[in-house]
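Summary of structural features
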Amino acid sequence: MTIFIGGAWPYANGSLHLGHIAALLPGDILARYYRQKGEKVLYVSGSDCNGTPISIRANQENTSTETIANRYHEEFVQCFQKLGFSYDFYTRTDAEHHHESVQNIFLKLYENGHLYKKTIEQAYCETDHRFLPDRFVEGICPNCGAKARGDQCDACSSILDPLDLIEKRCKICGNPPAFKETEHFYFLFSEFQKRLETFVEEAKKEGMWRENAIRLTTRYLNEGVPDRAVTRDLPNGVEVPIKGFEGKKIYVWIEAVAGYLTASIEWAKQHGESLEDWWNEETLSYYVHGKDNIPFHSIIWPSILMGINNPTLPSHIVSNEYLTLEKQKLSTSKNWAVWVPYYLEKYDADSLRYFLTINAPENRDTDFSWREFVYSHNSELLGAYGNFINRTLKFIEKYYEGKILVEEIDTEIRAKIRNLYQDVGLLIEDAHLKNALEHIFEFVRYANKYFDDQKPWIQVKEDLSACNRTMANCIYIISNLAQLLNPFLPFSSQRVQEMLGLNEMNWEEIEVSARTLKEIKPLYTRIELERIEEEIENLKKGITNS
């Protein structure tokens, strides 16, 4: 089976925060799982370096968009590596290969009759003497009355046009914009309405999309899919490759979401692979993002793929709800965020991966609080999982000189392990990652109870053969837990793998052979409770930045 996984492309206009990671982490869990199963996996993403937010940041700092994009792209790469994200290819939208492939997609849509020219009014700032990208226009949403950008209202999820806004103003200077006529290409989204309705109905029937994606996409389709402008008068981005449109850029509606395909094209080229072997009707594709990106992946991207006759339509939409922070909405402008570089300086990557999965906003908004994070780390990762491994390996080191014995494995334990591989695997494939991890940690608690019930500290003195079986069962459990948890906690799984001298990770029951333990080290260290108040104070002071 061929698995394609696309993680949403973060804007390279500021540091990543925990909300980004909560939305993107499912992609890495899926990729690691399918690789362990032995499937062909292509997991791609990249930094959005052409977006309007970068232009805004460059204006604020009086520097170039290239400087901003380079700074944050490099930071993203480092952060994702430290968090264990196993992208096969992480690129950027200002790369030459991306521009070339996007232009080819644009031309194919044009040749296939899906684009048409239209003279429209576009916001123009008389103060700055420039046409304004939609996100540079701010105002009041006509549908719900909340503050909104010219392309979308985050409050009610309406897709907007700058002309729709009430009390319009330029984001740069704050003055009301003028509107001038300009010619642009429009995409015939409306002609795909029926095909999209059938496509979404099938996804609903198969249960392969998150409920929020089905609900929001159905709403958009009921309202009718309007044609949208796909070129804009922008300062940076992909040039429109058609005569008479020099200086105009291909708009985000096509350019950003096309990154999944353009990255795949470049990866295939670099590895001497055929793209069709990875993008075809049989490919199982997962698109991983936050709920604010749903229409891009459930309507716009499928329409583009239909328009260029690419059969690899999204089979899974993994769209998380929002992560709040200490019961408040994350806000980059107010610096109410825990930034990833800050987190990584002080805490374990697996601790965050665990917390954001076991508390994942899969079906509703969930909260990150420092108190819950610290208690989760201390009680579950350290107290349950880490403690079981440490007490077992230290016992073997003390009483068996570090030698692992081969004994008959208890039938109940073996059955539970085999069921875990099957049940957890199915949950991961359906992107029910929170439930999958809960299943594994339910077994971790069972393992600790087994250790306590067997009392090996007494067995080793009174019934050595029973103690041998107990330790063999515990090593069998640990070996399989390392594999089962590898998609979720890759760093600790690797440490267990090294201590036990295990071979590469697979998604099947592993038998333990006689061997000697390597150097035993605790998986986790305790986080002192005093850190809770310290971090809350740092957050209030706005010093949780990189």
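Before reading further, recall that the structure is shown in the block above.
Residues numbered from 1 in each chain as written. Predicted model: local features only at pLDDT ≥ 70, side-chain atom pairs only at ≥ 80, totals over all residues. Heavy atoms only, no water.

Considerations on the overall build of the protein chain
Counting secondary structure elements, the protein chain contains 18 helices and 20 strands. Here the protein chain has a C-alpha radius of gyration of 26 Å; the compact-globule value for 546 residues is 24 Å, and the two agree. The buried share among the 546 residues of the protein chain stands at 60%. Counting contacts in the protein chain only where the partners sit at least 6 residues apart, residues at least 24 apart contribute 76% of the total. Within the structure as shown, the protein chain displays about 23100 Å² of accessible surface, and the carbon and sulfur contribution to it stands at 45%. Between the averaged position of the 61 positive side-chain charges in the protein chain and that of its 80 negative side-chain charges there is a distance of 3 Å. (Helix = DSSP H or I, 4+ residues; strand = E, 2+ residues; numbered from the N terminus. Rg over C-alpha atoms; globule rule 2.2 N^0.38 Å. Buried < 20%, exposed > 50% of the residue type's maximum accessible area, 1.4 Å probe, protein only. Contact = heavy atoms within 4.5 Å. Areas by Shrake-Rupley, 256 points an atom, 1.4 Å probe, with all protein chains shown as cover. Lys, Arg positive; Asp, Glu negative; His and termini not counted. Charge placed at Lys NZ, Arg CZ, Asp CG, Glu CD.)

As for the sheet that holds strand S7 (residues 147–149)
Hydrogen bonds along the backbone pair up the strands of a sheet, which may run parallel or antiparallel. With respect to topology, three strands assemble into an open sheet ordered S7-S6-S8, the strand pairing being antiparallel. Edge strands, defined here as strands with exactly one partner in the open sheet, are S7 and strand S8 (166–170). On average, each strand axis in the sheet is inclined to that of its neighbour by 25°, with strand direction left out of account. Two strands pair when backbone bridges link them, and strand S6 (residues 137–140) and S7 are joined in this way by three bridges, in the antiparallel orientation. For Glu 138, the partnering residue across the bridge sits in S7 and is Arg 149. (Pairing = 2+ DSSP bridges. Axes fitted to C-alpha atoms, helices over the stretch in contact; angles between N-to-C directions.)

Some words on helix H13 (residues 411–429)
Over its 19 residues, H13 runs 27 Å from end to end, which matches the ideal 27 Å to within 8%, given 1.5 Å per residue. Ile 413, Arg 414, Ile 417, Leu 420, Tyr 421, Val 424, Gly 425, Leu 427, Ile 428 and Glu 429 are the residues of H13 that are buried. Buried-residue contacts for H13 involve helix H1 (18–36), strand S14 (284–290), strand S15 (316–320), helix H14 (433–454) and helix H16 (464–485). (Expected span 1.5 Å × (residues − 1).)

Some remarks on helix H3 (residues 65–82)
Taking 1.5 Å per residue, 18 residues should reach 26 Å; H3 reaches 26 Å between its end C-alpha atoms and fits that length. Within the sequence span of H3, burial applies to Ile 68, Ala 69, Tyr 72, His 73, Glu 75, Phe 76, Cys 79 and Phe 80. On its buried face, H3 sits against H1, strand S2 (40–47), helix H2 (52–61), strand S3 (89–92) and helix H10 (340–346). Once H3 ends, the next one or two residues include Gly 84, with phi positive near 85°.

What to know about the packing of helix H12 (residues 370–399) against helix H17 (residues 490–500)
Following both chains from N to C, one finds H12 and H17 inclined at 10°, their axes separated by 13 Å at the closest point. As far as their axial angle goes, H17 and H12 are roughly parallel. Where H12 abuts H17, its residues Tyr 385, Ile 389 and Leu 393 lie against Ser 492, Val 496, Met 499 and Leu 500. Grouping the constituent residues of the contact of H12 with H17 by class yields six nonpolar, one polar and no charged. (Parallel < 35°, antiparallel > 145°, perpendicular 65-115°, else oblique. Nonpolar A, V, L, I, M, F, W, Y, C, P; charged D, E, K, R; others polar.)

Observations concerning the sheet that holds strand S12 (residues 238–239)
Taken in spatial order, the three strands of this open sheet run S11-S13-S12, and their pairing is antiparallel. Edge positions in the sheet fall to strand S11 (231–232) and S12, since each of these pairs with one other strand and no more. In terms of strand pairing, S11 meets strand S13 (residues 249–250) through two bridges, oriented antiparallel. Residue pairing for S13: Arg 232 is matched across the bridge by Lys 249.

Some thoughts on unusual backbone geometry
Backbone geometry at Lys 327 places phi at a positive 70°, although glycine is not the residue there. Look at Lys 327 and you get exposed, because its relative accessible area is 73%. Unusually for a residue other than glycine, Asn 335 sits at a positive phi of about 60°. Secondary-structure assignment places Asn 335 in the loop between strand S17 (328–329) and H10.

A word on the pattern of salt bridges
Taken as a whole, this structure holds 30 salt bridges when the rule is applied. Across the pair Asp 134 and Arg 232 runs a salt bridge, and its minimum N-O distance is 3.1 Å. Here Asp 134, found in the loop between strand S5 (130–131) and S6, pairs with Arg 232, found in strand S11; they are 98 residues apart in sequence, far enough to count as distant. Both residues of the pair, Asp 134 and Arg 232, belong to the buried class. Sharing partners across several salt bridges, the network here consists of Arg 135, Arg 149, Asp 151 and Asp 154. (Salt bridge = Lys/Arg side-chain N within 4 Å of Asp/Glu carboxyl O.)

Quick word on the packing of aromatic side chains
If you walk through the whole model with that rule in mind, you get 38 aromatic pairs. Between Trp 9 and Tyr 260 the ring centres are 6.5 Å apart and the planes differ by 85°, which places this aromatic pair in the edge-to-face class. With Trp 9 in the loop between strand S1 (2–7) and H1 and Tyr 260 in helix H8 (residues 259–270), the pair connects residues that are 251 residues apart, well separated along the chain. The class for Tyr 260 is buried, based on a relative accessible area of 2%. Relative to Tyr 87, the ring of Tyr 43 has its centre 4.5 Å away and its plane inclined at 40°; by these criteria the two rings are tilted. On the criterion of sequence distance, the pair formed by Tyr 43 in strand S2 and Tyr 87 in the loop between H3 and S3 is long-range, its members being 44 residues apart. With relative accessibility at 0%, the residue Tyr 43 sits in the buried group. What makes Tyr 87 buried here is its relative accessible area of 14%. (Phe/Tyr/Trp six-rings, centres within 6.5 Å; stacked < 30°, edge-to-face > 60°.)

Digging into the pairing of S1
Of all six residues making up S1, six are buried, and the element is well covered by its neighbours. Residues Thr 2, Phe 4 and Gly 6 point to one face of S1 and Ile 3, Ile 5 and Gly 7 to the other, with burial holding for every one of them. Where S1 meets S2, five bridges bridge the pair, whose relative direction is parallel. Within S2, the residue paired with Phe 4 across the bridge is Leu 42. For the crossover that starts at S1, traverses H1 and ends in the parallel S2, the hand is right-handed. Examined bridge by bridge, S1 and S14 share five bridges and lie parallel to one another. Bridge pairing links Gly 6 to Tyr 287 in S14. (Right-handed = clockwise from strand over helix to strand, strands pointing away.)

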